[in-house]
Amino acid sequence: MRILRSLIVCGLALIACAAFAIAPVSPPVVAPLVAVLAIGLLSTAIFIASASSLRFRKVLRSDEIQRHFRLFRLLWERGTPGVPGGGYSAKLAIGLRPRFFERERESGKAFLFTILGLRIHYSRSYGGIFT
């Protein structure tokens, strides 16, 4: 898992560096988008490198009731979940849904939105660990 994480971090950093190299020669309209993409990739690479408890779970399952196809989820912990003031467990689930845009705010530290068919669902648990 550490080797895979290292390869992902190196790949994201390489793409971000390439985007920063392209930004000065790209048209003025595209340059900010390239810069935002590069910053996002670098911050994702730093997050993956710093999260020692990061886990990847492939799901690849259709949900008939919620009408979407689940692809994978990322799970991680900060601190010690379940201990008062100790930390939390977080989950980021990615899936496909036949909608252009949808936004839904859930209770507490959770949200769900769909952009161009890509469904992103984030939630936190302060009392236990997501599996």
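**Q** Can you explain the environment of P98? Please cite residues and give values.
**A** In this structure, P98 sits in the loop between β3 (87-96) and β4 (101-105). Classification of P98 by relative accessible area gives exposed; the value is 68%. In this structure, the C-alpha to C-alpha distance between P98 and T114, residues 16 residues apart in sequence, is 9.0 Å.

**Q** Explain the pairing of strand β6 (residues 118-125) to me, using residue names and the numbers behind them.
**A** Of all eight residues that make up β6, six are buried, and the element is covered over most of its length. Note that β3 and β6 share eight bridges and pair antiparallel. Note that in β6 the partner of K91 across the bridge is S123. Relative to β6, strand β5 (residues 111-115) is paired through five bridges, and the arrangement is antiparallel. Among the inter-strand pairings, T114 is bridged to a residue of β6, identified as R119. As consecutive antiparallel partners, β5 and β6 are separated by two residues, and within that stretch L116 has a phi angle of approximately 50 degrees, a positive value.

**Q** So what's going on with empty space enclosed by the protein? Which residues, and what values?
**A** Evaluated as defined, the whole model comprises one cavity of 30 Å³ or more. A volume near 50 Å³ is recorded for the largest cavity. Lining of the largest cavity is provided by V59, H68, R70, F72, R73, A93, I94, G95 and R119. Mapped by element, the contributors of at least two residues to the lining of the largest cavity are β2 (68-79) and β3. Among the elements that take part in the lining of the largest cavity, β2 stands out by supplying four residues, more than any other. Residue classes in the lining of the largest cavity are distributed as four nonpolar, two polar and three charged.

**Q** Report on the packing of aromatic side chains, specifying residues and quantitative values.
**A** Scanning the model with the defined rule gives five aromatic pairs in all. Their ring planes at 35 degrees and their centres at 6.2 Å tell us that W76 and Y122 sit as a pair that is tilted. With a gap of 46 residues between them, W76 in strand β2 and Y122 in strand β6 connect regions that are remote in the sequence. Neither residue differs from the other here; W76 and Y122 are each classed as buried.

Calculation criteria
- Residues numbered from 1 in each chain as written.
- Predicted model: local features only at pLDDT ≥ 70, side-chain atom pairs only at ≥ 80, totals over all residues.
- Heavy atoms only, no water.
- Helix = DSSP H or I, 4+ residues; strand = E, 2+ residues; numbered from the N terminus.
- Buried < 20%, exposed > 50% of the residue type's maximum accessible area, 1.4 Å probe, protein only.
- Pairing = 2+ DSSP bridges.
- 1 Å grid on protein atoms, 1.4 Å probe; cavity = no way out; pocket = protein on both sides within 12 Å on 5 of 7 lines; lining within 4 Å.
- Points joined across faces, edges and corners; volume = space filled by probe spheres on them.
- Nonpolar A, V, L, I, M, F, W, Y, C, P; charged D, E, K, R; others polar.
- Phe/Tyr/Trp six-rings, centres within 6.5 Å; stacked < 30°, edge-to-face > 60°.

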